[in-house]
Amino acid sequence: MFQAATAPEDIAVKVESVSKVFTQWQRNEEKSGRKDHSEKKIVHLFRQDKKTVSALDNVSFQIRKGEFVAYAGPNGAGKSTTMKLLSGILQPTEGTISVLGMSPEKDRIALMKKLGVLFGNRTELWWDHPVMQSFEWKKVVWDIPDTLYKRNLDMVTELLDIGEIRNTFARELSLGQRMRADLAMMLLHSPELILLDEPTLGLDVVAKRQMIDFLKKINQEEGVTILVTSHDMDDLEEMARRILMISKGKLAFDGSFDGLRDITGNLTHFIVTTDGRELQLEGCRLLSENRGVFEFEVDLSGLPVKVLLERLSKADGIMDVEIRKAPIEQVIAQIYQTWAEP
Ligand code: ADP
Ligand code: MG
């Protein structure tokens, strides 16, 4: 995609031809097929097999300061690996990475002062202490000036509504509360760029809403650059303007959500339950049928929801209708299919 030239100081993240190969050791257990029948014991032989996994394959992209970018892909696509490379936890096998003008590998300590990282499945909070104690600890260790600390603490307390849980022990928090507390702590040192890996995973609707609203706010009002991963495209579309889509370690798409829809259509699944009656709907593809439960696929860019609902309202015996976005795997399959076409 064409992008206007950007001055180096306006670039937050630059990933150039990056590949990451992991070596996985697999222990195969083989029950021995030896012909020695006198041996009663089953002989176990272990073999170590080396397998290499290409988690990222020649990936390049840039993120400008102030952007809010979604990094989407199915499980195992390479999202977490990318986040770990950007934060210096891992090093690339090939290619170069620059984050806020620094090398995550060589300038890790200097970079950490400007970076905020949150892995949804991990916590930085002290488990057996009140939340506030972790915050105070961070202030000391990171040497955050009093005025800045106070300003940020007030801001996150208000925006993330954590006044009530500041004195609660981390281990007693719900997942939603824990995520808010972790987010709050991450922001105490005023990071310029934040990397969030699956922050909405496992959250209920209310907690998700709070998180999404908060991230939009700090992006717009504080100018924080955000890169967020998820395997749930609906969550990402609510937050970000631009989407990078990764599949099996390769970048499959970089552009707007509308641009993505231009290629893939607006694929939607809907499930209709009838009182047992048969159902056919014009313009919709029947994917499955099971005892009065019909799953259809439709491209809403070709058939507006209104028309679809009108057709449904004219059908008899309908008990329930549920609409779902097509799964991310299918969107990616669609992109690859478009590429394959001449
Ligand atoms: P995602 O976050 O998109 O679900 P990951 O980046 O975690 O995907 O993983 C991408 C691929 O790299 C997977 O095939 C995974 O098994 C492999 N992988 C990730 N981390 C390691 C590791 N430390 N050692 C070996 N293989 C790994
Ligand atoms: Mg992951």
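S.K.: Is there a simple way to think about the site of ligand 1 in this case?
M.R.: Taken together, the residues surrounding ligand 1 are Phe22, Gln24, Val53, Ala55, Pro74, Asn75, Gly76, Ala77, Gly78, Lys79, Ser80 and Thr81. At 3.1 Å, a backbone N or O of alanine 77 approaches an oxygen atom of ligand 1. Here threonine 81 contributes a side-chain N or O atom positioned 2.6 Å from an oxygen atom of ligand 1. Counting residues per element, the ones that place at least two in the shell around ligand 1 are strand 1 (11–31), strand 2 (44–64) and helix 1 (79–86).

S.K.: I tried to follow empty space enclosed by the protein on my own but got confused; where do I start?
M.R.: The gaps of empty space that remain are located by a probe, the size of a water molecule, rolled over the atoms. Evaluated as defined, the whole model comprises one cavity of 30 Å³ or more. When its volume is computed, the largest cavity comes out at roughly 170 Å³. When contributions to the lining of the largest cavity are tallied by element, the ones reaching two or more residues are helix 7 (233–239) and helix 8 (257–264). Among the elements that take part in the lining of the largest cavity, helix 8 stands out by supplying four residues, more than any other. Along the lines of polarity and charge, the residues of the lining of the largest cavity split into six nonpolar, three polar and four charged.

S.K.: What should I look at first to understand the nonpolar core in this one?
M.R.: Within soluble globular proteins, side chains that are nonpolar tend to cluster in buried spots. Counting residues in each nonpolar core, the largest one holds 51 residues, and the members touching the most others are Phe135, Leu215 and Met245. Of the residues forming this core, the biggest block, seven residues, is contributed by helix 5 (residues 175–187). With residues up to four places along the chain from it excluded, the contact list for phenylalanine 135 reads Leu125, Tyr149, Leu153, Ile162, Ala181, Ala184, Met185 and Leu188. Counting residues in each nonpolar core, the second largest holds 27 residues, with Val13, Val59, Phe61 and Met102 among its members.

S.K.: How should I be thinking about the layout of surface pockets in this particular structure?
M.R.: The computed volume of the largest pocket comes to approximately 410 Å³. Along its surface, the largest pocket is lined by 18 residues, and Met112, Val117, Glu124, Lys138 and Trp142 are the ones closest to its centre. Of all elements in the fold, only helix 2 (108–112), strand 5 (115–119), helix 3 (131–141) and helix 5 reach the threshold of two or more residues within the lining of the largest pocket. Broken down by element, the residue count for the lining of the largest pocket peaks at five residues, all from strand 5. The calculated volume of the second largest pocket comes to roughly 190 Å³. Lining of the second largest pocket is provided by Pro74, Asn75, His231, Asp232, Met233, Asp234, Lys325, Ala326, Pro327, Ile328 and Glu329.

Rules used throughout
Residues numbered from 1 in each chain as written. Chains lettered and ligands numbered in written order. Predicted model: local features only at pLDDT ≥ 70, side-chain atom pairs only at ≥ 80, totals over all residues. Heavy atoms only, no water. Near = heavy atom within 4 Å. Polar contact = N/O pair within 3.5 Å; in protein donor to acceptor, adjacent residues only side chain to side chain. Helix = DSSP H or I, 4+ residues; strand = E, 2+ residues; numbered from the N terminus. 1 Å grid on protein atoms, 1.4 Å probe; cavity = no way out; pocket = protein on both sides within 12 Å on 5 of 7 lines; lining within 4 Å. Points joined across faces, edges and corners; volume = space filled by probe spheres on them. Nonpolar A, V, L, I, M, F, W, Y, C, P; charged D, E, K, R; others polar. Core = buried A, V, L, I, M, F, W, Y, C linked by side-chain atoms within 4.5 Å. Buried < 20%, exposed > 50% of the residue type's maximum accessible area, 1.4 Å probe, protein only. Contact = heavy atoms within 4.5 Å.

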